[in-house]
Amino acid sequence: MPKKEVDLKKVAQNVGHTSRATCGACHFNGGGGDAIKHADMSRQLLKPDRNCDVHMGGYDFSCTECHETRNHKISGRSSSVPVAEGETSCQQCHGESPHYCGDLLDHHLDNHAKSIDCNVCHAPVFAKCKPTKTWWDWSKAGDKKRKPKKDKYGKPDYNWKKGEFKWEESAVPDYAWYSGYMNRVLMGDKVDLNLDIINLTSPVGSINDPLSKITPFKIMKGIQAVDADHYHILVPHLYPRNKEDKTAYWKHLDWEKAFVDGMNAVNLEYSGSYKWKETWMYWRLDHEVMPANMALSCVQCHDSLKGERTCNRCHQDNRNVDFKKYTRKGTDFSYMKSKGRDVGHLIDKTDYINFKALGYKGDPIIYGGRFKKLPMGYSQKDKKE
Amino acid sequence: MIKKLFLPVILIIVISGLCLANSWKAPDQEKAKERSKETVPFIKEYVDDCKINRRICLMDAKVSLEDVKDVYFLLDSPVIKEKEDHYEPVRFAHKRHAALTKDCSKCHHFRPKDKDALETTRCSACHQDAFNPERPERIGLKAAYHQQCIACHKDEAKGPTGCKECHLQHVPDHKELVKLPDNADPFQVTAECNRCHDAQAEDMLKTAHWLWKGPSPYTTGHRKDILHGKGTTALNNY
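Note that this is a predicted model, so its numbers are computed, not measured.

### Remarks on the overall build of chain B
- Counting secondary structure elements, chain B contains ten helices and four strands.
- The helix and strand sequence of chain B, counted from the amino end, reads α-α-β-α-β-α-β-α-β-α-α-α-α-α.
- Its C-alpha atoms give chain B a radius of gyration of 26 Å, more than 25% over the compact-globule value 18 Å for 238 residues.
- Projecting the C-alpha coordinates of chain B onto the three principal axes gives extents of approximately 70 × 70 × 45 Å.
- By sequence separation, contacts in chain B at least 24 residues apart represent 52% of the contacts at least 6 residues apart.

Okay, here's the thing in structure tokens:
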């Protein structure tokens, strides 16, 4: 129920369109506060800088201009929750061949768009306007005496109710092959306690699947409790229901009571013994798209373009084209650093998305792409192991 | 003299500071808004070229994508607004359309007779008021926009053709429409909304935002299920 002070008549008489403020009232505060859960959404998007998000900051888009609605069903595919009522994609406006300026590079960029998600290049860092929480260790909760320390962003490393945290700002995403489908552990699913890390959500995709694309993710990492005998992820009762509440963790700081009550509330058996386990959640990064001139440049991923030989390995162009300039035009981390972003370590970085971790032998320019090898007579010398 | 200047300067700085703090603006959108408010002199005479000639002229003039300086427009104009104003302006990606059609003559279908004029001109230079008795053959700006966009989208079987696919409809002022006592309680408010929006209320009751569960077509092993969501089975670590 709304607070008593709210003048509901006035509210009803002033109805209007949804906005970043109305949707953001909940979605910017996911995980219990501003920018905590979503790496790419925060209250910063109410009045964003153009470089922070070109759609909202440059063109003043509201959420529903992309997340189109039908009969109050709102399109969009979350990675953190399973429910989806339609799809939203960059392609719905930008098409499958989005690089249209007739630039020398556009042919190559459109080819790239078949294998990599737009935001790999167009949002090369996440949480670039506000730090987001990336580590949450629930097992450390309960120490009321522990004084929270502030990190370099001024964010606390501890809260007795919630445990220990890490925050990141302007962070490099994790990249994975993604086809649109997600694996999820749902309530009551059994998990494998022998694993070092349990993925609560993970993307489905493969380097061998033509429809999968390399996609940027924020991985929310943390430690939480799992039933040691039934292998269920445990649901604690945290927030006191009322003054008489006898089990809430945030009142009694007793995990045992909180798990008994919480699992009872969700109709699942609790064995009485639990283990703290590291869990990860993969969250796709779809917002905070930067202006086109801030997209990653070729050389930031392709280490092989770093030296003197660039496109002129294949192209004997006599139009007096400065290939070197072309391959280096892109995200200027020095500029971002000058604006106060924590990206100093990314200046001059190459192999940005780590090709080997994605299943390539190395830089595809040298070792070949996932489906074809360019006919470029390389000598073994070029393939430095 | 310096002292005399000092106070006004400080005042200006403080006032402009306050204005800046309170008036966030999206620069690209702002530029497009300003442009959409402009009106230009009416072009009376045009060259009555056939389509092919027109295209050849534009090609001969070497009009290319690089000439497209205005990447983005809002299709809106005081010419339309003074007659009726039911919808928000339409976002128009000018350069993208130029690139996709690869044919400027599709929209820039005639040119001014004045030899010194540019090959391409704004829609609103030739299309202004509808039913102008001096130019009865010339359709108005609103009709020109609609016929041009919708016809091409239909021909190409690509792009929006319905009103609300391009426009956001203005919300009517609800000050008089909403009839509620002061200190209305939430149930009274809902009932009053439903007096007109009953169908929408029925829709709302079937959504994930209301039920906190719904179809999970992209979750492996649960693609046909309709009961997953935060209200039922979703787990997290935060």
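### Details of the overall build of chain A
- A count of helices and strands for chain A gives 13 helices and ten strands.
- Taken along the three principal axes of its C-alpha coordinates, chain A extends 80 × 55 × 40 Å.
- Counting the 385 residues in chain A, one finds 35% classified as buried.

### Let's talk about the domain arrangement of chain A
Residues and elements named next belong to chain A.
- Domain annotation for chain A reports domain 1 (17–220 + 282–294) and domain 2 (297–330 + 332–368).
- Averaged C-alpha coordinates put domain 1 and domain 2 at centres separated by 24 Å.
- At the interface, 13 residues of domain 1 touch twelve residues of domain 2.
- Class assignment of the residues belonging to the side of domain 1 that touches domain 2 gives a composition of ten nonpolar, one polar and two charged.

### Quick look at the interface of chain A and chain B
- Listed per partner, the contact involves 50 residues of chain A and 45 residues of chain B.
- Elements supplying a minimum of two residues to the side of chain A that touches chain B: helix H1 (8–13), helix H3 (54–59), strand S2 (73–74), strand S7 (182–184), strand S9 (213–227) and strand S10 (274–284) of chain A.
- Ranked by residues supplied to the side of chain A that touches chain B, first place goes to H1(A) with four residues.
- When grouped by side-chain class, the residues that make up the side of chain A that touches chain B number 25 nonpolar, 16 polar and nine charged.

### Let's talk about the pairing of S9(A)
Residues and elements named next belong to chain A.
- Across the 15 residues that make up S9, a large majority, eleven, are buried.
- The pairing of strand S3 (residues 132–137) with S9 spans three bridges and is parallel. Among the inter-strand pairings, Trp135 is bridged to a residue of S9, identified as Lys221.
- With five bridges connecting them, strand S6 (residues 174–178) and S9 associate as antiparallel partners.

### Considerations on the pairing of strand S2 (residues 72–75) of chain B
Residue and element names in this part refer to chain B.
- The side-chain alternation of S2 yields one buried face, formed by Phe73 and Leu75, and one unburied face, formed by Tyr72 and Leu74.
- Across four bridges, S2 lies against strand S3 (residues 90–93) in antiparallel orientation. When the sheet's bridge partners are listed, Tyr72 is paired in S3 with Ala93.

### What about the environment of Ile80(B)?
Residues and elements named next belong to chain B.
- Locating Ile80 in the fold gives a position in helix H4 (residues 78–81).
- Of the residues examined, Ile80 has 22 C-beta atoms within 10 Å and is grouped as buried.
- Between the alpha carbons of Ile80 and Lys142 there is a distance of 6.2 Å; along the sequence they are 62 residues apart.
- Residue contacts for Ile80: discarding those within four places in its chain leaves Leu141 and Lys142.

### What to know about the environment of Pro124(A)
All names here are of chain A.
- For Pro124, the position within the fold is in the loop between helix H7 (118–122) and S3.
- Accessibility expressed as a C-beta count within 10 Å gives 30 for Pro124, which makes it buried.
- With 52 residues separating them along the chain, Pro124 and His72 place their C-alpha atoms 33 Å apart.
- Excluding its chain neighbours within four sequence positions, the residues that come into contact with Pro124 are Leu296, Thr331 and Tyr352.

### As for the nonpolar core
- In terms of nonpolar packing, the biggest core is built from 65 residues, with Phe126(A), Leu234(A), Phe259(A), Trp283(A), Met290(A) and Ile353(A) touching the most fellow members.
- Looking at this core, you find at least three residues from each of domain 1 (17–220 + 282–294) and domain 2 (297–330 + 332–368) of chain A.
- Membership of the second largest hydrophobic core comes to six residues, among which are Ala32(B), Phe73(B), Leu75(B) and Tyr145(B).

Parameters and conventions
Residues numbered from 1 in each chain as written. Chains lettered and ligands numbered in written order. Predicted model: local features only at pLDDT ≥ 70, side-chain atom pairs only at ≥ 80, totals over all residues. Helix = DSSP H or I, 4+ residues; strand = E, 2+ residues; numbered from the N terminus. Rg over C-alpha atoms; globule rule 2.2 N^0.38 Å. Contact = placed C-beta atoms within 7 Å. Buried ≥ 20, exposed ≤ 12 C-beta atoms within 10 Å, placed from the backbone. Domains from an automatic or database assignment. Nonpolar A, V, L, I, M, F, W, Y, C, P; charged D, E, K, R; others polar. Pairing = 2+ DSSP bridges. Core = buried A, V, L, I, M, F, W, Y, C linked by C-beta atoms within 7 Å.

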